[in-house]
Amino acid sequence: MSNGFSWSNVLSELDEHPIVDLEAPAPEERRKSVRKPAFLVPKPSQMTGFVQEENDVEIKRTAVVDEEDLPPDSAKRLQKGNPFLGEMLVANKLIGQEELDRALEVQRTTPGPLGRILVKLGYISETLLLRALAAQMGISPWQLEKDPPTAEAMDLLPLEVCEQSQMLPVAVKGDLLVLAMKNPMDVQAIDLARNLSKHRIETVLANEDRLANLIARALGKAAPVTSIDSLVTQALDEAGPRTKHARDDNQLGEIDTRPVVGMVNQVLTEAIRGGVSDVHIEPRFNRVEVRFRMDGQMQLVRELPLELMPMLAARLKIMSELDIVETRLPQDGHITVKLDGRTIDLRISVCPNFHGPRIVLRILDRAMSLKKLDDLGFTNDNCELFKSLVDKPYGLFLVTGPTGSGKTTTLYAALGELNNGKNTILTCEDPVEYDIDGIGQSQVNEKVGLTFAKQLRALLRQDPDVILVGEIRDSETAETAIRASITGHMVLSTLHCNNAPGAIPRLLDMKIDPFLLSTSIVGIMSQRLVRVLCTDCRTKRPVSDHDRRLSQAYMGGDGLSHEWTGAGCPNCNGNGFKGRRAVHEIMPVTGSVSDVIAKRGTVEELHAAALPYGYKTLQEAVLQLVQSGITSFAEARRMIFFDEALAKAQVIEAPRMLAAS
């Protein structure tokens, strides 16, 4: 397009597996002639909100029917080709007469378009409704999610005109312009498009909501978004009597979760666009709390009525293909969603709680650009040391730290450095968090018995030079990784422990032979993520005597005299911090360190053996950031353990030194 707008950023091609479209205008679900029992989990193709192609259904305006099937007037209209929508659906056996009667009864009490009512009741899908309406008008339907507008077509009409008439040029066929419209019978709009484009016009029918969203996005406007408050009110109204039995969530089926579909999509959309790493949905005594983890800290974003919790849990379980009946055992799964042209993976954990199921979703953006090592906050010395360790021809290199400390991001950055096209790099992960060109990535599947250890043994037969193992969780994986590293492969992996020296006793506890470990491991790095002070509102102040002595115990010399703190400003939303950066400690396994490992030495002995070779603790590294004004002492304490007794030891030692002098 001339204005630089790219439709690839608005709509992308569908994957083979179901993907939840968070921007879908309305729930989609296959027709159900008989309501399914609550204990059956619908297939992904039947799930509300999933973007998946319907089976091709030919809908005819004219039909030959038995007089007993429909009233005489309806049969005549069908034979003449001008039927009502409901009559046409019944004649094409897309719904039953009982379903039509039920929809008409609802329409009498709650006036509205019959097609929308049929969709709301779950009798037909949005796609089927679109095809039926197009057949009723005698034109073709156009699915914008499947066939987005081409740039050539978009250049033929001004976007302002498209917005005013709710139409969108979608394709050009010679001198024929295909025009998707909200109302294909709008003769004035069709004449205007013909005069402006200098093309013949073929009108097609598009989904009204999706059409409006695409036009708004093309104009650079935010698509209309319904507020969470209105969605909550709407959900409570639609749920009706079901809210009186809120705790009977094992009795809920797919149709029962319809009232909260928009609410769930809106919460996930806010989280993804806000850069949130985790979403917590936590039932309390009289409410449901929705909390986001941003920059490593939890923030309460809203409270929802407790009556909606069963529907929220059932909806998320259906999206992740979990058992909606099981409420006694924890469950894990994943959801793939599509938003703003990106594909995002959500890892979901459902754990039974006293007031209901507690749900946590971790957000993994596969399309996120990979970071380079220079962007990860390494000091110059640590960066050179890290590169030298991962660039070895063989050996085992481990990155340790708690969940969410950026271990995988660091290892992906290392793979980016090693991916030069002259070697073979393979990975086994759970799940694949980033898609890297030129690297063979595979995902474990423990449901079918494909564990890290089995996948790793399979990868060893694929002639790799470098192997990334997502995580060493058990002794079998650890032993396989170590044996791979001593047979000519460079193995990178992660491990959960508190610091770099602590990885050794952790592996020994997995029954790994200490001699084998000492000859295979080349280095260990531990890291944490600390929040960065906002440069617009940070202020400098003296540190307390206790903090000065504590910093002196770790840094030596006089310790810290001043520290920086964040006052809070509009630029950082009043938090005082903006963004995060990594803090590292790297322990190279040299000859002396290897000897300590082989002798099952203590952590203190490992620490002492590594000091001459550039090893600096996490405490030293983060205190240097505090001294530079990058983060605060309080933030350093929040993320990294400091032995407060060392400050008191400094107080006791000082009088002794004076007495000795």
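Up top you'll find the structure we're talking about.
Per chain, the residues get numbers from 1 upward, laid out in the order the sequence is written. Local features are withheld for residues below a pLDDT of 70 in this predicted model, meaning they are given only at 70 or higher, and side-chain atom pairs are given and counted only at 80 or more; totals for whole chains, interfaces and linings count all residues. Only hydrogens and water are set aside; all other atoms, that is, all heavy atoms of the structure, feed into the side-chain values.

*Asks:* Hey, could you go over the overall build of the chain for me, with residue numbers and the actual values?
*Replies:* Helix and strand assignments follow DSSP, with helices taken as H or I runs no shorter than four residues and strands as E runs no shorter than two, numbered in order from the N terminus. When helices and strands are counted, the chain shows 24 helices and 21 strands. Per-residue burial for the chain yields a buried fraction of 50% across its 661 residues. In this description, contact between two residues means that some pair of their heavy atoms is separated by no more than 4.5 Å. The contacts of the chain with a sequence gap of at least 6 include a subset with a gap of at least 24, amounting to 65%. As displayed, the chain offers around 31,500 Å² of accessible surface, 49% of which is attributable to carbon and sulfur atoms. Per-residue accessibility, obtained with a 1.4 Å probe over protein chains only, is compared with the maximum for each type, and a residue is labelled buried under 20%, exposed over 50%, and partly exposed between these values. All accessibility values rest on the Shrake-Rupley procedure with a 1.4 Å probe; residue burial counts only the protein chains present in the view.

*Asks:* Got a sec to walk through the packing of aromatic side chains? Specific residues and values, please.
*Replies:* Two aromatic rings from Phe, Tyr or Trp, using only the six-membered ring of Trp, form a pair when their centres are within 6.5 Å; if the ring planes differ by under 30 degrees the pair is stacked, by over 60 it is edge-to-face, and anything between is tilted. Counting across every chain of the model gives four aromatic pairs. A ring pair is formed by F378 and F386, whose centres lie 5.2 Å apart and whose planes are at 35 degrees; its orientation type is tilted. Neither residue differs from the other here; F378 and F386 are each classed as buried. Plain terms: the ring middles of F633 and F642 are 5.9 Å apart, the flat faces sit at 65 degrees to each other, and that makes the pair edge-to-face. Accessibility assignment for this pair places F633 and F642 in one class, buried. Every member of this aromatic cluster is reached through a ring pair, and the members are F378, F386 and F397. For a lysine, the NZ atom is tested; for an arginine, the CZ atom; a charge sits over a ring if that atom is within 6 Å of the ring centre and within 35 degrees of the ring normal. Just above the ring of F577 sits the side chain of R531; from NZ or CZ to the centre is 4.0 Å. Its end group placed over the ring of F633, R637 keeps NZ or CZ at 4.5 Å from the ring centre.

*Asks:* Pulling in residues and values, what's your account of the state of the cysteines?
*Replies:* Cysteine sulfur atoms that come within 2.5 Å of each other are treated as a disulfide pair. Summed over all chains, the structure comprises zero disulfides. Free of any disulfide, C537 has its nearest neighbouring cysteine sulfur in C569, separated by 3.7 Å. Judged by relative accessible area, C537 falls into the buried class, the value being 9%.

*Asks:* Account for the sheet that holds strand β21 (residues 577-588), with residues named and values stated.
*Replies:* Strand order across the open sheet formed by seven strands is β15-β14-β16-β17-β13-β18-β21, with mixed pairing between neighbours. One side of each edge strand has no neighbouring strand; the edge strands of this open sheet are β15 (440-443) and β21. Direction aside, neighbouring strands of the sheet carry axes that sit 20 degrees apart on average. DSSP-based pairing: two strands are paired if at least 2 bridges between them are found. Bridging between strand β13 (residues 395-400) and strand β17 (residues 490-495) involves six bridges; their strand directions are parallel. Each residue of the ladder has a partner; that of V399, found in β17, is T494. Angular values range over 0 to 180 degrees, each being the angle between N-to-C directions of two axes fitted as lines to C-alpha atoms, with helices fitted over their stretch in contact. Across the sheet, helix α15 (residues 452-459) is in contact with β14 (425-429), β15 and β16 (466-469); its angle to β14 comes to roughly 165 degrees.

*Asks:* For the pattern of salt bridges, give the residues involved together with the corresponding values.
*Replies:* The salt bridge definition used is simple: a Lys or Arg side-chain nitrogen within 4 Å of an Asp or Glu carboxyl oxygen. For the structure on display, the rule yields 21 salt bridges. Among the salt bridges present, the one from E208 reaches K182, with a minimum N-O distance of 3.6 Å. Pair noted here: E208 is in helix α9 (residues 208-218) and K182 is in the loop between β5 (176-181) and α8 (187-197), with a separation of 26 residues, a long-range link. Taking relative accessible area as the criterion, E208 reaches 38% and is therefore assigned partly exposed. A relative accessible area of 40% means that K182 is categorised as partly exposed. Across the salt bridge formed by R358 and E282, the nearest N and O atoms sit 2.5 Å from each other. Taken as a pair, R358 in strand β12 (residues 356-365) and E282 in strand β7 (residues 278-283) lie far apart in primary sequence, 76 residues in all. Looking at E282, the relative accessible area reads 1%, which means it is buried.

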